[in-house]
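For reference, the chains in residue letters:
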Amino acid sequence: MNPFLRFLVLSLSISLGLTLAIEIIGALIAGKRGRALVIVLLVNVLTNPPAVLASVCITGLLFPLPAVEKLCILAIEAAVVCVEALVYRSWWEYFWHPWRLSLALNAASFVLGTLMQLLILF
Amino acid sequence: MKKFMLIWLMTVVLALCAGALADVIWIPMDSFYEMHASECVKSGRRYEARSDMNIYDQPDGKVTGSIKAGEAVYLYCTWQDSWGALDWKNGWVRLSDLRRYYDEDDFYAEHFSQIFTVEGALLLGEDKVQIKWNYMPDEIKDAAGAQVSEASYPANLWAYPGSNMIRRSFGSGGVSSSITFNSAYVDESGALWLRFSGYLYGRYEGWMYASDLSSETPRFVGRIYADTDEAEREDGKGEKVPAGVTGANGNGGPGGSLLLPAVAVAGVMLITAALLIVMRRRTRTQGA
């Protein structure tokens with residue numbers, strides 16, 4: 001397989017796996033069970049792959065200045081939080097505080113993911 | 001809500017700081033270095049063990065490990081021209097046990113007057129690469145006549161003209177992009193080399209042989225060690241320098257087609273969105 005494609009497939013699968021693990025554990029801690037957990041899972045499958053793909057494209061193709069790269073990643077993260085919150089809001093019977101949940105789960109996922117990256121780097 | 005916003009902002013700031021940490025340069029973690037850091041001269045260069053040799057915890061200190069003959073090591077710094085601190089590994093070695101590899105800095109020192117400032121880019125297309133010039137001085141026009149204007153992948157970046165180490169190889173793929181060159185060198189046979197540096201899926205830095213971008217055989221027999229005048233490569237291919245030690249990440253660069261992953265991601269999104277909509281409708285029907 002082309003090295004770039006292999007890198008992309010690895011990035012997509014590792015990122016999705018980690019995000020699902022972190023956000024489902026987070027949702028369990030927040031008291032979500034049954035169908036609510038399935039929704040959390042599906043929402044992440046909906047948002048994570050395009051977010052990772054967009055990040056890879058931005059960091060690779062835009063000759064990134066570190067600051068610009070970080071701003072782009074923040075924008076992508078913000079978009080993910082919004083989309084997930086909107087989906088959770090449409091399931092109001094399971095998610096009473098969609099924005100809070102989306103923010104909290106994505107913050108946990110972002111911070112833990114960054115920490116793991118640092119652990120791998122060092 | 002305000003509390004959550006605050007937590008979110010704090011995590012983002014923390015994460016950005018953590019990202020910056022990843023760029024921090026490694027420094028030796030030993031008391032000797034801490035006391036003598038100002039007397040050390042930065043190195044960052046690659047050496048080879050002349051024979052089996054020891055690693056010490058500090059100059060003339062306790063033996064903490066060993067390096068086999070022929071093994072390559074990087075030094076973080078040298079001290080009093082007699083000791084060197086290993087890079088990315090704590091320990092000190094005797095410089096007399098090492099011989100330094102010839103590198104791009106040596107090449108620059110030796111050929112300074114033959115290196116010209118130029119400006120241009122290598123366009124990385126779907127199937128082909130193409131050299132585009134913005135500025136070419138008169139001195140290299142003859143040599144540039146022999147360069148390829150268009151070539152197939154891969155496009156290889158060598159550590160320096162005459163090196164036997166390919167630092168990075170750009171592969172084929174579906175995304176068009178470009179990498180830039182800023183210096184040129186005409187070798188003894190009149191062939192043109194272009195020096196590229198920049199960032200594309202990681203840092204790229206090295207020289208391309210403009211007449212045969214895909215060549216995997218060293219263009220000519222160059223020097224291996226800094227302390228010898230003669231070329232020491234045995235067969236012209238010079239496997240003595242272990243490939244992949246310096247920045248030879250073999251990254252295919254933009255060479256990967258984004259079409260396939262983009263279609264796959266779009267497919268996953270559509271299926272997931274459809275599942276969510278069906279689930280939502282069923283829940284509403286059950287509720288009613």
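Reference entry: report on the structure contained in this document. Only a predicted model underlies this, so the values are computations on that prediction, with no experimental measurement involved.

Cut-offs used in this document
- Residues numbered from 1 in each chain as written.
- Chains lettered and ligands numbered in written order.
- Predicted model: local features only at pLDDT ≥ 70, side-chain atom pairs only at ≥ 80, totals over all residues.
- Heavy atoms only, no water.
- Helix = DSSP H or I, 4+ residues; strand = E, 2+ residues; numbered from the N terminus.
- Buried < 20%, exposed > 50% of the residue type's maximum accessible area, 1.4 Å probe, protein only.
- Areas by Shrake-Rupley, 256 points an atom, 1.4 Å probe, with all protein chains shown as cover.
- Salt bridge = Lys/Arg side-chain N within 4 Å of Asp/Glu carboxyl O.
- Arc of directions from axis to C-beta.
- Contact = heavy atoms within 4.5 Å.

Let's talk about the overall build of chain A
Scanning chain A for helices and strands turns up four helices and zero strands. For chain A, the α and β elements follow one another from N to C terminus as α-α-α-α. The 122 residues of chain A split such that 45% are buried. Looking at chain A as shown, the accessible area adds up to about 6,200 Å², and 77% of this sits on carbon and sulfur atoms.

Some details on the pattern of salt bridges
Residues and elements named next belong to chain B. Counted according to the given criterion, the structure contains eleven salt bridges over all chains. A salt bridge links Arg195 to Glu104; its shortest N-O distance comes to 2.5 Å. In this pair, Arg195 is assigned in strand β15 (residues 192-199) and Glu104 in helix α3 (residues 104-111), connecting sequence segments 91 residues apart. One exposure class covers both Arg195 and Glu104, and it is buried. With a shortest N-O distance of 3.1 Å, Arg195 and Glu205 are connected by a salt bridge.

Description of α3(B)
Residues and elements named next belong to chain B. By the burial criterion, the buried members of α3 are Glu104, Asp106, Phe107 and His111. When α3 is viewed along its axis, its buried side chains cluster within an angular range of 155° and face the same direction. Along its buried surface, α3 packs onto β8 (98-100), β9 (115-124), β13 (166-170), β14 (177-186), β15 and β16 (203-209).

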